[in-house]
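If you want the building blocks of each chain, they are given just below.
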There are 2 protein chains.
Amino acid sequence: MKTQVVIMAGGIGSRFWPLSTPEYPKQFIDILGCGRTLIQLTVDRFKGVCPMENFWVVTNAAYVDIVRKQLPDMPASHILAEPAARNTAPCIAWACWRIKEEEPESNVVVTPADAVVMNPEEFRRVINNALAFTSKHDVIVTIGIKPSRPETGYGYIKCGHKLSDDGEIESVEAFKEKPDHITAEKYLADGGYLWNAGIFVWNIGTITHAIETYKPNLASDMERMKTDADVQSVFPNCEKISIDYAVMEPAAAEGKVYTHPADFGWSDLGNWASLHDKLSHDTDGNGAVGNIHLYECNNCVVHAEDAKKVVLQGLDSYIVSEKGGSILVCRRSEEQRIKEFSQN
Amino acid sequence: MKTQVVIMAGGIGSRFWPLSTPEYPKQFIDILGCGRTLIQLTVDRFKGVCPMENFWVVTNAAYVDIVRKQLPDMPASHILAEPAARNTAPCIAWACWRIKEEEPESNVVVTPADAVVMNPEEFRRVINNALAFTSKHDVIVTIGIKPSRPETGYGYIKCGHKLSDDGEIESVEAFKEKPDHITAEKYLADGGYLWNAGIFVWNIGTITHAIETYKPNLASDMERMKTDADVQSVFPNCEKISIDYAVMEPAAAEGKVYTHPADFGWSDLGNWASLHDKLSHDTDGNGAVGNIHLYECNNCVVHAEDAKKVVLQGLDSYIVSEKGGSILVCRRSEEQRIKEFSQN
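My aim in this report is to walk through the structure given alongside it, one point at a time.

### Description of the packing of helix H6 (residues 204-214) of chain A against helix H9 (residues 243-253) of chain A
Residues and elements named next belong to chain A. For the pair H6 and H9, the least separation of the axes is 10 Å and the interaxial angle reads 90°. Between H6 and H9, the angle is such that the two are roughly perpendicular. Contact residues: Ile207, Ala210, Ile211 and Tyr214 in H6; Ala246, Val247, Pro250 and Ala251 in H9. Per-class residue counts for the contact of H6 with H9 are 8 nonpolar, no polar and no charged.

### Some remarks on the sheet that holds strand E13 (residues 292-295) of chain B
Here 6 strands make up an open sheet; going across it, the order is E12(A)-E14(A)-E16(A)-E17(A)-E15(B)-E13(B) and the pairing mixed. In the strand order of this sheet, the two ends are held by strand E12 (287-290) of chain A together with E13 of chain B, each with one partner. Averaged over neighbouring strand pairs, the angle between their axes works out to 5° when direction is ignored. The pairing of strand E16 (residues 318-323) of chain A with strand E17 (residues 326-331) of chain A spans 6 bridges and is antiparallel.

### Notes on helix H6 (residues 204-214) of chain B
Helical geometry: 3.6 residues make up each α-helical turn, so side chains three or four residues apart lie on a common side. Residues and elements named next belong to chain B. Every buried residue of H6 is listed here: Ile204, Thr206, Ile207, Thr208, Ala210, Ile211 and Tyr214. Check the buried side of H6 and you find it contacts helix H3 (88-102), strand E4 (106-112), strand E6 (140-145), strand E9 (193-203), helix H7 (216-224) and helix H9 (243-253). Two or three places before Gly205, at the start of H6, stands the capping residue Asn203, its side-chain oxygen 3.1 Å from that residue's backbone nitrogen.

### What to know about the pattern of salt bridges
Per the stated rule, a full pass over the model turns up 36 salt bridges over all chains. A salt bridge links B:Arg337 to A:Glu296, with the shortest nitrogen-to-oxygen separation between them at 2.9 Å. Of this pair, B:Arg337 sits in the loop between strand E17 (326-331) and helix H11 (338-343) while A:Glu296 sits in the loop between strand E13 (292-295) and strand E14 (301-304), on two different chains. Residue A:Glu296 is classed as partly exposed on the basis of its relative accessible area of 43%. We note a salt bridge from B:Asp65 to B:Arg68, for which the minimum N-O separation is 3.5 Å. Of this pair, B:Asp65 and B:Arg68 both sit in helix H2 (residues 64-70), separated by 3 residues, roughly a single helical turn. B:Arg68 gets classed as partly exposed once you look at its relative accessible area, which sits at 44%.

### A look at the interface of chain B and chain A
One widely used convention gives an interface's size as the accessible area the parts lose upon coming together. With 30 residues of chain B at the contact, the number on the chain A side is 30 residues. Summed over both partners, the interface of chain B with chain A buries about 2,500 Å², with 50% contributed by carbon and sulfur atoms. Considering only the side of chain B, the residues that lose the most area to chain A are B:Lys309, B:Gln313 and B:Ile327, jointly responsible for 27% of the buried surface there. Joining chain B to chain A, the criterion identifies 2 salt bridges. The interface formed by chain B and chain A contains 26 residue pairs in polar contact (both at pLDDT 80 or more). For the side of chain B that touches chain A, the secondary-structure elements that each account for two or more residues are E13, strand E15 (309-313), strand E16 (318-323), E17 and H11 of chain B. Take the side of chain B that touches chain A: its biggest share by element is 6 residues, from E17(B). When the residues that make up the side of chain B that touches chain A are grouped by side-chain class, the tally is 13 nonpolar, 9 polar and 8 charged. As defined by bridge partners, E17(A) adjoins E15(B) across 4 bridges and the pair is classed as parallel. Considered in E15(B), the bridge of A:Ile327 is made with B:Val310.

### Section: the environment of B:Glu173
All names here are of chain B. The topology assignment puts Glu173 in strand E8 (residues 170-176). For the pair formed by Glu173 and Tyr258, sequence separation is 85 residues and the distance between their alpha carbons is 8.7 Å. Apart from the residues within four sequence positions on either side, Glu173 is in contact with Lys158, Cys159, Gly160 and Ala252.

### Structural notes on the packing of aromatic side chains
Any two aromatic rings considered together are summarised by their centre-to-centre distance and by the angle between their planes. Counting across every chain of the model gives 30 aromatic pairs over all chains. With centroids separated by 6.4 Å and ring planes inclined at 75°, the aromatic side chains of B:Tyr24 and B:Phe28 adopt a geometry described as edge-to-face. Residue B:Phe28 is classed as buried on the basis of its relative accessible area of 2%. Above the plane of the ring of A:Phe123 lies A:Arg45, whose end atom (NZ or CZ) is 5.7 Å from the centre.

### Description of the relation of the copies chain B and chain A
For the pair chain B and chain A, the relating rotation is 180°, the translation along its axis is 0.1 Å, and the fit reaches an RMSD of 0.0 Å. Expressed as an axis order, the relation between the two copies is that of a two-fold axis. Across chain B, the smallest distance between a C-alpha and the rotation axis is recorded for B:Gly325, namely 3.9 Å. A high fraction, 100%, of the interface residues of chain B reappear at the interface in chain A, so the copies pair face to face through one surface.

### Some words on H9(A)
Residues and elements named next belong to chain A. Taken as a whole, H9 has its buried residues at Ile243, Ala246, Val247, Met248, Ala251 and Ala252. For H9, the arc enclosing every buried residue in end-on projection is 165°, short of the 170-degree limit, so these residues lie on one face. At its buried positions, H9 is contacted by helix H3 (88-102), strand E6 (140-145), strand E8 (170-176), strand E9 (193-203), H6 and strand E10 (257-262). Gly255 lies just past H9 and shows a positive phi near 75°.

### Remarks on the sheet that holds E17(B)
Within the open sheet, the 6 strands sit side by side as E13(A)-E15(A)-E17(B)-E16(B)-E14(B)-E12(B). Their pairing is mixed. Edge positions in the open sheet fall to E13 of chain A together with strand E12 (287-290) of chain B, since each of these has one partner strand only. Between one strand axis and the next, the sheet turns through 5° on average, direction left out of account. Where E13(A) and strand E15 (residues 309-313) of chain A come together, 4 bridges link them in parallel fashion. Looking at E15(A), one finds that A:Ile292 is bridged to A:Val310.

Calculation rules
- Residues numbered from 1 in each chain as written.
- Chains lettered and ligands numbered in written order.
- Predicted model: local features only at pLDDT ≥ 70, side-chain atom pairs only at ≥ 80, totals over all residues.
- Heavy atoms only, no water.
- Axes fitted to C-alpha atoms, helices over the stretch in contact; angles between N-to-C directions.
- Helix = DSSP H or I, 4+ residues; strand = E, 2+ residues; numbered from the N terminus.
- Parallel < 35°, antiparallel > 145°, perpendicular 65-115°, else oblique.
- Contact = heavy atoms within 4.5 Å.
- Nonpolar A, V, L, I, M, F, W, Y, C, P; charged D, E, K, R; others polar.
- Pairing = 2+ DSSP bridges.
- Buried < 20%, exposed > 50% of the residue type's maximum accessible area, 1.4 Å probe, protein only.
- Polar contact = N/O pair within 3.5 Å; in protein donor to acceptor, adjacent residues only side chain to side chain.
- Salt bridge = Lys/Arg side-chain N within 4 Å of Asp/Glu carboxyl O.
- Buried area = accessible area lost by both parts, 1.4 Å probe.
- Phe/Tyr/Trp six-rings, centres within 6.5 Å; stacked < 30°, edge-to-face > 60°.
- Lys NZ or Arg CZ within 6 Å of the ring centre and 35° of its normal.
- Least-squares fit on C-alpha atoms with pLDDT ≥ 70 in both.
- Arc of directions from axis to C-beta.

Here it is, written out as C-alpha cells:
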C-alpha cells in the first residue's frame, strides 16, 4: 500500500487577528518565528513517511496561490481548491475519493495544517505504527494525545482496551465533546482519556466504505465530482458537517475506531495562550517574534514579524501583534474578544 | 518695506519616535490629524501677512525634497539647504543675508516650523502689530506667550515697561533659562513673565547689524557665502550656537529687544503630553489620530495615521504610535525615555 498524506488547510484563524486574516490565515504564517510557516512545518514533519508526490492539500480556492508558493514541490494536481468551506467531512471525502481514483490501494494520514509538534521523530514513529495497523485492518485510527492539563478547549477520546497483539493501539469507547473544567479534571485523573488531535489514519477502502455507510449523500456527491465544473456545482452544496459527527462517532459506536496514544509535544495553536506556551521566553516570561524591544514587560506574547522595530514599555500580560498594517494591543485575559475586535 | 517669512525646519523631533524620525521629522507630519502637516499649518497661518514668493525655508539638505512636495508654491530658490545642522544662529543669519541680497528693505518674521497656534486670526493680528513696530524702529521683537501654567519646558522673557505710544509692545528686561518648578510658579504669580516662543520680528538692517555687532565671525562667514560651493565649505564650520545666546541676550542687555505679549493658543508640541493636550478627546480622555478603535482605554495618546487599523484594549495613560513599520507602546510617564528607546 502507498502512503498518502492529506493536509486540511482551509481555516481562517480569526482568533489570531491581525496576525491571521481571512486573506492570509495562520496556517500560512511563520507563527513560531522559526523561518517556516505552519503548513511548511506540517509537511516537514512527514519527511520520510511518504514522498512529496503523495501529499495532498485541501484548501479554499482563495489560498491556492499561497499553497503553491509555500509548497513549490507539491504536485499542482494535488492541491484541491474548495469553492466554499463545508467543514471537514466534505473536505476529507473529496481528497479520499481523488486518492481512490489515482491509487486505490492507499493508506492515508489526514492532518490539520495549523498544529505544532515539538518532537517530530516521535510523531513519525507513531504515524508509522498507525499506518502499519491500518494496512492490515479495516479500521479507523485517530491519534490521541496524552493530556498534560485539564484543557477545556479540546475534545476527548475515551479509550477502551489495549489490543494485545498490536503494540500501543487501543480501542475507542467514545468521543467526548469539549468538557467543562470539572469534567476535564476528572478525565485527567481517570487516565483513560486522550485529546482528539484531529489526525486520522485509515486505508482508502475503510474510509470510502465508512462514508458510504454513514453519509451516503456525501458519498454520492463525491461520485458526481468528475470535472472541475462538477466540483463548482456539487461541493458548495455538500452537507456542512465535521468528520467527527459524520463518521467518527457512528463508527466508534460500532467499535470500528481505534486510537494510538501519543506524546510528541502537540498543540493545536488555537489561541494566543497556546502560542505563548510554545514560544521560548525571556526571564520575564515574555514570548516574542520579530524585532521586539521590551522594557518592564512581563508575560506578554508579541508577534510582529513584518514590523521594522517594536518598542514596548510597561506592559503586563498583554498580546501585541502587527500584520499588514493592522495593530492589536490587548490584555491576555480578553483574548476571546479578538474576533469581535477584528470585525468592528 | 516688504514682509518676508523665514521658517526654520531643520529639527529631527527625536522625542516623537517613531512618528518622527531623522529621515522624516515631525514638522513634515500631520501630527494633529487635520490633513495638514506642521510646516503646512505654519505657512497657512501667515496667509495674508505676505505673498508666497516672500516665504523662505531653512532646512537640512536631506529634507529639501519633502519641503518641495509639501509646499509646492514655495519658490525653489527660497529653500535653503543646510549641509549640516549648526543650531539657529547660522540658520537665521543665512536666511537674512539672502534676503538682504534680494530685497534689503525687508521686514522679517522668523518662526519654527513645528509649533501649533489654535487662533491664527489673533496670531496674524499680533504679527502685523510687531511688523508695524519694526518697520519704524531699529529693534528686535520677540513674541511672548502669556503663560497658562508653571511650565518648566520653556525659556521665559522678563518684561520691562510698556511703551506708551506703541500699543501692546513692551521692553524686555532679560531672558530666563528653563526654570525649575518653584521658579516657574514664581514667574506665573509675578505676572511679568512670558514664554519665549522663538518667533522673532525685525527688519533686515537691524538683524544683520546685530549679528555684525555680537557675532562678527558669523557675519563674515555669511559675507563669504556667495555660491553653493561656498555654502558647502563655510556653513558646516559656522559656530554652532542658538540665536538666543548669539544675539537676543546681548541685545536685551543693551535694551534693544522688545516683546509683544500674545495669547493665540500656542504650543511648541515638544512632547507627547503637549500633543495629547492639543488633540480632541473622547469621554475617557483619549486623543487619537488614525483608524483607532479603543476598548477600556483611558488618557492615552495614539498616533498611527498610516496603520490600516489599530485596536487597543485595556491601556491606561499610554502613548501608542506607529509610523513606517515601527511601533511604540509606552507609559506616558516614561516619555522622556523615548529617544533612548529609538536608538537601542
